[in-house]
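Chain by chain, the residues run as shown.
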Amino acid sequence: CRVQQWDSEEPVPRAELLAGVAGKRGLLCLLSDRIDGEVLEAAGPSLKVISTMSVGFDHLALEEIKKRGIRVGYTPDVLTDATAELSVALLLAACRRLPEAVEQVKNGGWTTWKPLWMCGYGLSNSTVGIIGLGRIGQAVARRLKPFGVKKFLYTGSRPKPESAAEFEAEFVPLTRLAEESDFVVVTCALTPATQGMCNKDFFCRMKKTSVFVNTSRGAVVNQEDLYDALAHGQIAAAGLDVTTPEPLPADHALLSLKNCVILPHVGSATYATRNTMAVLAADNLLAGLRGEPMPHELLL
């Protein structure tokens, strides 16, 4: 293959992408590259394969891609464990106030032992609600179970009794999940149905002692409503690995809150995982160019 590469960690500028894709047969992209009608138009009829180095595909204009008969490869499974580990780490950081505690050590706030100072909420004997019991949702539940979680609830487009059996998880409506969960973990895909689903109504139903964690996509959450819920004590804390936009502006209101832990979308950021993702994305692209089955094809 002849490869034209954008050789930088920073996303390819739009103009460079439009110019570079012209006449190409294959495109390997990242989730930071918006592959829409304009890009497909610039590529022309020669483009046969798109391979994204991500499990999410909300940056791809799938309807337009399907119309043109272009095949799409993506990288599920390989980042499941890394993202599940990060989800648990983020949950623990938020519920046990770890960044806040580190800051107290650094700024001299740690003076002596006090009975209720820096107290948070534990997982033992709790109810955990998972929005989206797919690969990552199941991997999160699997890791949380040994912490002594009493009950798992889950919601999604349909019940998944085979997946839920391992955790004795109960399929419930979103409203009930919000009302009964001590911890809510969002691991669903971003679709028109899930966009903005965690909103004012959702947060109002949650317990004042509940912790909310999102490692899926930022747009699943109405961030203004989340800010209000955190600022007014409607919920105890939140942990986000994903935001809208990304990166989140340094002056964003959520960053002013002590009870909100925000990470820069590092769910899959282990060396092993990112290397595996890169190789899989390349293998998907090469298989597509050869007209062979891809290791992981998104069936449109």
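Below you will find a few notes about this structure. (Residues numbered from 1 in each chain as written. Predicted model: local features only at pLDDT ≥ 70, side-chain atom pairs only at ≥ 80, totals over all residues. Heavy atoms only, no water.)

**Quick notes on the overall build of the protein chain**
- In terms of regular secondary structure, the protein chain is built from 11 helices and 11 strands.
- Seen through its C-alpha atoms, the protein chain measures out along the principal axes to roughly 65 × 45 × 35 Å.
- Per-residue burial over the protein chain gives 44% buried out of 300 residues.
- At a minimum sequence separation of 6, the contacts of the protein chain that also span at least 24 residues come to 61%.
- Taken as a whole, the protein chain presents about 15,500 Å² of accessible surface, with 55% of it coming from carbon and sulfur.
- Of the side-chain charges in the protein chain, 31 are positive and 33 negative, and the distance between the mean point of each set is 3 Å. (Helix = DSSP H or I, 4+ residues; strand = E, 2+ residues; numbered from the N terminus. Buried < 20%, exposed > 50% of the residue type's maximum accessible area, 1.4 Å probe, protein only. Contact = heavy atoms within 4.5 Å. Areas by Shrake-Rupley, 256 points an atom, 1.4 Å probe, with all protein chains shown as cover. Lys, Arg positive; Asp, Glu negative; His and termini not counted. Charge placed at Lys NZ, Arg CZ, Asp CG, Glu CD.)

**Comments concerning the packing of aromatic side chains**
- One pass over the full model with this rule turns up six aromatic pairs.
- Arranged with centres 6.2 Å apart and planes meeting at 70°, the rings of Phe-202 and Phe-212 form a pair that is edge-to-face. Of this pair, Phe-202 sits in helix H9 (residues 200–205) while Phe-212 sits in strand S8 (residues 211–214), and the two are 10 residues apart along the sequence. Accessibility assignment for this pair places Phe-202 and Phe-212 in one class, buried.
- Phe-212 sits in the buried class, given a relative accessible area of 0%.
- Taken together through their ring pairs, the aromatic side chains of Phe-202, Phe-203 and Phe-212 make up a single cluster. (Phe/Tyr/Trp six-rings, centres within 6.5 Å; stacked < 30°, edge-to-face > 60°.)

**Quick word on the side chain of Thr-273**
- With respect to the helices and strands, Thr-273 occurs in helix H11 (residues 271–289).
- At 2.7 Å, the side chain of Thr-273 and the side chain of Thr-270 are in polar contact.
- Sequence-distant contacts of Thr-273, defined by excluding residues within four places in its chain, comprise Val-78, Leu-79, Ala-82 and Ser-268. (Polar contact = N/O pair within 3.5 Å; in protein donor to acceptor, adjacent residues only side chain to side chain.)

**A closer look at the side chain of Thr-243**
- As for its placement among the helices and strands, Thr-243 is situated in the loop between strand S9 (237–240) and strand S10 (260–262).
- With residues up to four places along the chain from it excluded, the contact list for Thr-243 reads Gly-218, Gln-223, Leu-248 and Ile-262.

**Observations regarding unusual backbone geometry**
- In this chain, Thr-244 is followed by Pro-245 through a cis amide linkage whose omega measures -5°.
- Checked against the element boundaries, Pro-245 lands in the loop between S9 and S10.
- With an omega dihedral of 0°, the bond running from Glu-246 to Pro-247 counts as a cis peptide bond.
- Counting through the fold element by element, Pro-247 comes out in the loop between S9 and S10.
- Backbone geometry places His-265, a non-glycine residue, at a positive phi of 55°.
- Of note, His-265 is situated in the loop between S10 and H11.

**Quick word on the sheet that holds strand S3 (residues 71–73)**
- Taken together, four strands build an open sheet; the order of strands is S1-S2-S3-S11 and the sheet is mixed. Both edges of this open sheet fall to strand S1 (26–29) and strand S11 (297–298), since each of them pairs with a single strand only.
- In terms of strand pairing, strand S2 (residues 49–52) meets S3 through three bridges, oriented parallel. Each bridged residue has a counterpart across the sheet, and for Ile-50 the counterpart in S3 is Val-72.
- On the sheet, H11 packs against S1, S2 and S3 and is oriented at approximately 170° with respect to S2. (Pairing = 2+ DSSP bridges. Axes fitted to C-alpha atoms, helices over the stretch in contact; angles between N-to-C directions.)

In short, the description is geometric, and any link to function would need to be established separately.
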